[in-house]
Amino acid sequence: MSDAVVAEPRLVDADKQPLPSLKAPAKNPLLDYPILPTILRLAWPNVVALTAGTVVVIFETTYVGRLGTEALAAMALVFPFVMLTMTMSGGAMGGGVSSAIARALGAGDRARADTLAGHALLIAICFGLTFTVGMLTFGSMLLQLLGGRGNVLSQAQGYITVFFAGGVIPWLLNTFAAILRGTGNMKMPSAMQMAGAALQVVLGGVLGLGFGPIPQFGMPGVAAGTLTAFTIGTGVMGWYVFSGRARVRPQIRGFRIQRGMFFDILKVGAIACFNPLQGVLTLLIFTHMLAHYGTAVLAGYGIGARLEFMLSTLAFAVGIASVPIVGMAIGAGRIARARRVTWTGSVIAFGVVGLLGTLIAIFPDAWVNLFTNDASVRAASRTYLATCAPMYAFLGLSTVAYFASQGAAKVLGPVLAQTARLVFVSVGGWWLLSIDASAISFFWLAAASMVLLGLLSALSVLLTSWGPKAGPVPEVRPVLW
C-alpha cells in the first residue's frame, strides 16, 4: 500500500492569490515567561543598585565624620527627612506609577501608558515643591523638636536648606525610574543609581571636605554633592524616556489634565506613602523608648538596625521586580498569575532574608565586630541579633506583599498591617516601660512586631480580591421586528 500524501492547505483570497501565513503573536516576557526566572532576572539589577546605595551611606558617614562629631549629629538629625523623601518618591509613589503603567501596558493600551507617564511627572513636581516649601519653612522647627541645638542645629539647617531647595529633583529622579520599571526595564534605573552613587561619594566628599582649589563647604557641600548627582541622573533618565527609547513616552505636547489618570496613580501611591511614614514613626518611637536603657543598649540596637536595613534591600529588590510583573498580569486579566508571582517572590524574600538573619544570629560577631570593640555594646548587639535577626524573614515577607499589592492596585491591606505594627510597638512599649521591664523585653517586642507585620501583610494579600469588581449582569431580551 502506498503512503497517502496529504497536501498542506493554503489560504487564498477572492482572486485565488495565496494569503501570507499568520505568525503567532510575540510573547511578553513579563506575561508569558516562567515566573521564577523572570523575578530573578528583574531583581538582580536592583540588588546591585541598592547595595551601591548602602555603600554611599557608609562612605558618607566616613567623610562627614571627618568634619567632626557635631557634623555626625547633624547628619543624624536630617537623615529621617531625607529618607522619607526618597522612600515616598521611590518605593511609595514610585510604586503607584509603576503599577499604573504596567497595568496599562498589560491591557495593551500604550496611549494610556504615555498619558499616565505625563501625569506622573506632574505629580512629582507638585510633591517635590511641597517638600521644598515645607522643609524650608518648618525645617528648623522640626530639627529643634528632634533635639538640635547650637552648632549641630546650624549644620543641619545648612544641609536641609541646600538639599530641599532642589526638592523636586529627587522626586523627578525616582519618578523617571518608576516609569522605566513599570515597563519592565530594571537595568537602566539600576545603572543610573550605581553611577549616581559613585558621583555622590566623590562630589559629596570634594565639596564637603574641600580638595585642591575647592574650599571646604561642610554640610551644605555634602548636600550639594548629593543634589548634583541626582540632577545628572534625572537628566540622563529624562532624555532616555523622552527620546522614545523606553516603551512609553510622556505626553507633553497638547497635555490635558485628566482626573482619571491622577486617580489611577494616587489610589496606589498616595495610600502607599503612609507606609514609609509609619515605618519612620515606629523607628523613632522604639529608639526613644530604648534610650531609657543607656547608650550601650541604644548603640547595640543601632548595629542590629543596620543589618536589618542591609537585608531589607534584598527583599526590596524582589518586591520592586514584582510590581511590573503583577501589574501587567492584572492589566491582562491574568489574576492567578499575579498571585503566583506574589507568593513566589514572598517565598524567595522570606527564605533568603531569614537564612542570612539566622546565620548572623548564630554568629553575631561576624557583624558586630565591624562596628565596635566596646564590650557592653557588643553584648547588647549580640542579644538583639539573637532575638530579632531570624525574624527579619517576616520583614522580607511583608516587603514583597507590599510591593506586589501596589502592582495589583490593592495596597491598603499592607499599609494597615504597618499601622497595626505601629500601634503594637507603641502600646507594648508603653506597658513595658510602666513595669520597668528589661531591655531584652523590648528586643522581644521588636521581634514580635516583625512577625505581626509579615503575617498581617500576607493575610491581607490572601483575603483581598484582585479581580474586577462583580457587577449585575444586564438582562438581554430579544427584539421582535
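Residues numbered from 1 in each chain as written. Predicted model: local features only at pLDDT ≥ 70, side-chain atom pairs only at ≥ 80, totals over all residues. Heavy atoms only, no water.

A short note on the overall build of the protein
Across its full length, the protein holds 17 helices and 0 strands. Relative to its 481 residues, the protein shows a buried fraction of 49%. Contacts in the protein between residues at least 24 apart in sequence constitute 82% of all its contacts with a sequence separation of at least 6. Of the roughly 23,200 Å² of accessible surface on the protein, 69% is carried by carbon and sulfur atoms. (Helix = DSSP H or I, 4+ residues; strand = E, 2+ residues; numbered from the N terminus. Buried < 20%, exposed > 50% of the residue type's maximum accessible area, 1.4 Å probe, protein only. Contact = heavy atoms within 4.5 Å. Areas by Shrake-Rupley, 256 points an atom, 1.4 Å probe, with all protein chains shown as cover.)

Some points on the nonpolar core
Ranked by internal contacts, the top residues of the largest apolar core, which has 128 residues, are I101, Y159, L385 and Y392. Take this core: its biggest share by element is 17 residues, from helix α3 (residues 69-106). Not counting residues up to four positions away in its chain, the partners in contact with I101 are A113, L116, A117, I179, G182, T183 and V248. (Core = buried A, V, L, I, M, F, W, Y, C linked by side-chain atoms within 4.5 Å.)

Considerations on the environment of I257
When you line up the elements, I257 lands in the loop between α8 (219-242) and α9 (259-272). Sequence-wise, I257 and H119 are 138 residues apart; in three dimensions their C-alpha atoms are separated by 7.4 Å. Excluding residues within four positions of it along the chain, I257 makes contact with H119, L122 and F262.

Side note on the packing of helix α4 (residues 110-145) against α9
Packed helices, taken two at a time, are described by the angle their axes make and the gap between the axes. Relative orientation of the contacting elements α4 and α9 amounts to 70°, with a least axis distance of 9 Å. Of the possible angle classes, the one that applies to α4 and α9 is roughly perpendicular. Where α4 approaches α9, its residues R112, T115, L116, H119, A120, L122 and I123 are matched on the opposing element by G260, M261, F262, D264, I265 and L266. Across the contact of α4 with α9, the residue classes tally to 8 nonpolar, 3 polar and 2 charged. (Axes fitted to C-alpha atoms, helices over the stretch in contact; angles between N-to-C directions. Parallel < 35°, antiparallel > 145°, perpendicular 65-115°, else oblique. Nonpolar A, V, L, I, M, F, W, Y, C, P; charged D, E, K, R; others polar.)

Remarks on helix α6 (residues 168-182)
Compared with an ideal rise of 1.5 Å per residue, which puts 15 residues at 21 Å, α6 spans 21 Å between its outermost C-alpha atoms and is within 8% of the ideal. Counting buried positions along α6 yields 15 of 15 residues, so the element is predominantly enclosed. (Expected span 1.5 Å × (residues − 1).)

Structural notes on the side chain of H119
Examined against the element boundaries, H119 turns out to sit in helix α4. Accessibility expressed as a relative area gives 0% for H119, which makes it buried.

Digging into the environment of C273
Looking at the secondary structure, you find C273 in the loop between α9 and α10 (274-290). Sequence spacing of C273 and L84 is 189 residues, and the spatial spacing of their C-alpha atoms is 9.2 Å.

A short note on a nonpolar patch on the surface
A contiguous nonpolar patch, built from V352, L355, L356, L359, I362 and F363 and spanning about 550 Å² of accessible area, is present on the exposed surface. By the secondary structure assignment, I362 is in helix α12 (residues 335-362). (Patch = residues over 30% accessible without salt bridge, like charges linked within 9 Å, V, L, I, M, F, W, Y side chains within 5 Å. Salt bridge = Lys/Arg side-chain N within 4 Å of Asp/Glu carboxyl O.)

Concerning the pattern of salt bridges
In the structure shown here, the tally under the stated rule is 6 salt bridges. R334 is paired through a salt bridge with D32; the nearest N and O atoms lie 3.0 Å apart. A residue pair is termed long-range when its members are at least 10 positions apart, and R334 in the loop between α11 (295-331) and α12 and D32 in helix α1 (residues 29-32) qualify at 302 residues. In this structure, R103 and D264 form a salt bridge, with 2.8 Å as the shortest nitrogen-oxygen distance. Here the residue R103 occupies a position in helix α3, and D264 occupies one in helix α9, the gap between them amounting to 161 residues. Of the residues examined, R103 reaches a relative accessible area of 12% and is grouped as buried. Judged by its relative accessible area of 6%, D264 is buried.

Focus: unusual backbone geometry
Even without a glycine there, the phi angle at A409 is positive, about 60°. With respect to the helices and strands, A409 occurs in the loop between α15 (392-407) and α16 (412-434).

A short note on the packing of α10 against α11
With their axes 9 Å apart at the nearest point, α10 and α11 run at an angle of 150° to one another. By the criterion of interaxial angle, the relationship of α10 to α11 is roughly antiparallel. Contacts between α10 and α11 involve L283, F286, T287 and L290 from the former and V297, L298 and Y301 from the latter. Per-class residue counts for the contact of α10 with α11 are 6 nonpolar, 1 polar and no charged.

Description of the confidence of the model for the protein
Close inspection of predicted coordinates is inappropriate in any region flagged by low pLDDT. Put simply, the protein has an average pLDDT of 85, and 90% of its residues get 70 or more. Scored below 50 in pLDDT, residues 1-8 makes 0 contacts in the model with residues more than four places away or belonging to other chains. Of the regions scoring below 50 in pLDDT, residues 473-481 engages in 0 contacts with residues more than four places distant in sequence or in other chains. (pLDDT = per-residue confidence, 0-100.)

Remarks on α9
Between its terminal C-alpha atoms α9 stretches 19 Å, which fits the 20 Å expected from 14 residues at 1.5 Å a residue. Those residues of α9 lying buried are M261, F262, D264, I265, V268, G269 and A272.

Observations regarding the environment of W367
Counting through the fold element by element, W367 comes out in helix α13 (residues 365-368). In sequence terms W367 and G304 are 63 residues apart; their C-alpha atoms lie 8.8 Å from each other. Sequence-distant contacts of W367, that is, excluding residues within four places in its chain, are made with I303, R306, L307, M310, I360 and L385.

Some words on the side chain of N174
Along the chain, the position of N174 falls in helix α6. Residue N174 is classed as buried on the basis of its relative accessible area, which comes to 14%. Excluding anything up to four places from it in sequence, N174 contacts M86, S89 and G90.

Overview of the packing of aromatic side chains
Using the criterion set out here, one finds 12 aromatic pairs in the structure. Judged by centre distance (6.2 Å) and plane angle (75°), the rings of F176 and F242 are edge-to-face. Linking F176 in helix α6 with F242 in helix α8, this pair joins segments that are 66 residues apart in sequence. F176 sits in the buried class, given a relative accessible area of 6%. Each ring, one from F316 and one from F403, has its centre 5.4 Å from the other, and the planes form 70°; the classification is edge-to-face. Residue F316 is located in helix α11, and its partner F403 is located in helix α15; the two are separated by 87 residues in the primary sequence. Judged by its relative accessible area of 2%, F403 falls in the buried class. Through pairs of rings, three or more aromatic residues link up here, namely Y159, F163, F164 and F230. The ring of W466 has R339 sitting right over it, with the charged end atom 4.7 Å from the ring centre. (Phe/Tyr/Trp six-rings, centres within 6.5 Å; stacked < 30°, edge-to-face > 60°. Lys NZ or Arg CZ within 6 Å of the ring centre and 35° of its normal.)

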